[in-house]
Amino acid sequence: GAVVSQHPSWVICKSGTSVKIECRSLDFQATTMFWYRQFPKQSLMLMATSNEGSKATYEQGVEKDKFLINHASLTLSTLTVTSAHPEDSSFYICSARDPQDYGYTFGSGTRLTVV
Amino acid sequence: GQNIDQPTEMTATEGAIVQINCTYQTSGFNGLFWYQQHAGEAPTFLSYNVLDGLEEKGRFSSFLSRSKGYSYLLLKELQMKDSASYLCAVRSSELSFGAGTTVTVRA
């Protein structure tokens, strides 16, 4: 099946700095990727839909200037958390639609801790 | 918008059967997914239903009734490694997740 690689797996950063998370489709092309955030003991909340070659679509309440998404190629989408604050500490997960079937494949997730 | 409800927690004994219910109200429906998620890890795909009825996959089965907005995931012959969170997700224009059901399997 399709494989999505996400890096880094975990990152600790200082308040006010920016962090970039990469999501790659390894054996298929993904014109659309999805970014989710998950707080402890809560479900995955869709933050934005990343579209190759065009602007991302953000869910209501998600600040587009804070969570910058770039989908410059058919295999790579990046999420940059700008001016990170402790409340941004969370588990961020990307996913892509598996072109072989109906499923969605998830990256391994990134645990972000802002101190 | 989407409204997806599932129980918060369930506990069962090793070797037993557990049924996790999921009810949903969505604007548009293009399939229902069940995912398993262990703590600190990404979700892994378990099953997909788009038509009414039961889909069986080894120890796991999933049922869907579109008219009732209802699905369940059935876990048979529970093993300790089945202790995890189980997420019900509904696809309309995008994939939306329920809050997850934490299943604890006891010896």
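Residues numbered from 1 in each chain as written. Chains lettered and ligands numbered in written order. Predicted model: local features only at pLDDT ≥ 70, side-chain atom pairs only at ≥ 80, totals over all residues. Heavy atoms only, no water.

Moving on: the pairing of strand S8 (residues 76-81) of chain A. Residues and elements named next belong to chain A. Burial runs high along S8: six of the six residues are buried. Every second residue of S8 is oriented toward a common face, with Leu-76, Thr-78 and Thr-80 on one face and Ser-77, Leu-79 and Val-81 on the other, all of them buried. Where strand S3 (residues 19-25) and S8 come together, six bridges link them in antiparallel fashion. In the strand pairing of S8, Val-19 is matched with Val-81. Summarising the sheet, strand S7 (residues 67-73) and S8 pair through five bridges and their orientation is antiparallel. Among the inter-strand pairings, Ile-69 is bridged to a residue of S8, identified as Leu-79. Hairpin connection of S7 to S8: two residues between the antiparallel strands. (Buried < 20%, exposed > 50% of the residue type's maximum accessible area, 1.4 Å probe, protein only. Helix = DSSP H or I, 4+ residues; strand = E, 2+ residues; numbered from the N terminus. Pairing = 2+ DSSP bridges.)

This part covers the interface of chain B and chain A. With 16 residues of chain B in contact, the opposing surface of chain A contributes 17 residues. When chain B packs against chain A, the two sides together hide about 1,300 Å² of surface, and 61% of this comes from carbon and sulfur. In terms of surface lost to chain A, no three residues of chain B exceed Arg91(B), Leu95(B) and Phe97(B), which account for 31% of the buried area on that side. Linking chain B with chain A are zero salt bridges. Joining chain B to chain A, the criterion identifies five residue pairs in polar contact (both at pLDDT 80 or more). Take the side of chain B that touches chain A: its biggest share by element is three residues, from strand S4 (residues 32-37) of chain B. (Contact = heavy atoms within 4.5 Å. Buried area = accessible area lost by both parts, 1.4 Å probe. Salt bridge = Lys/Arg side-chain N within 4 Å of Asp/Glu carboxyl O. Polar contact = N/O pair within 3.5 Å; in protein donor to acceptor, adjacent residues only side chain to side chain.)

Scanning the model with the defined rule gives five salt bridges over all chains in all. Linking Arg24(A) and Glu22(A) is a salt bridge whose minimum nitrogen-to-oxygen distance equals 3.5 Å. Residue Glu56(B) pairs with Lys76(B) through a salt bridge whose shortest N-O separation is 3.5 Å. One end of the pair, Glu56(B), is in strand S6 (residues 53-57); the other, Lys76(B), is in the loop between strand S8 (70-75) and strand S9 (84-91), and 20 residues separate them in sequence. Under the relative-accessibility criterion, Lys76(B) is labelled partly exposed at 24%.

Next up on the list: the packing of aromatic side chains. Under the counting rule described, the total for this entry stands at 16 aromatic pairs over all chains. Taking the centre distance of 5.2 Å and the plane angle of 85 degrees together, the rings of Phe106(A) and Tyr35(B) count as edge-to-face. Placement of Phe106(A) in strand S10 (residues 104-106) and of Tyr35(B) in strand S4 is noted, with the two residues assigned to different chains. A relative accessible area of 9% means that Phe106(A) is categorised as buried. Pairwise contacts between aromatic rings join Phe34(A), Tyr36(A), Tyr104(A), Phe106(A), Phe33(B), Tyr35(B), Phe45(B), Tyr48(B) and Phe97(B) into one cluster. Here Lys66(A) stacks its cationic end above the ring of Phe67(A), 6.0 Å away from the centre of that ring. (Phe/Tyr/Trp six-rings, centres within 6.5 Å; stacked < 30°, edge-to-face > 60°. Lys NZ or Arg CZ within 6 Å of the ring centre and 35° of its normal.)

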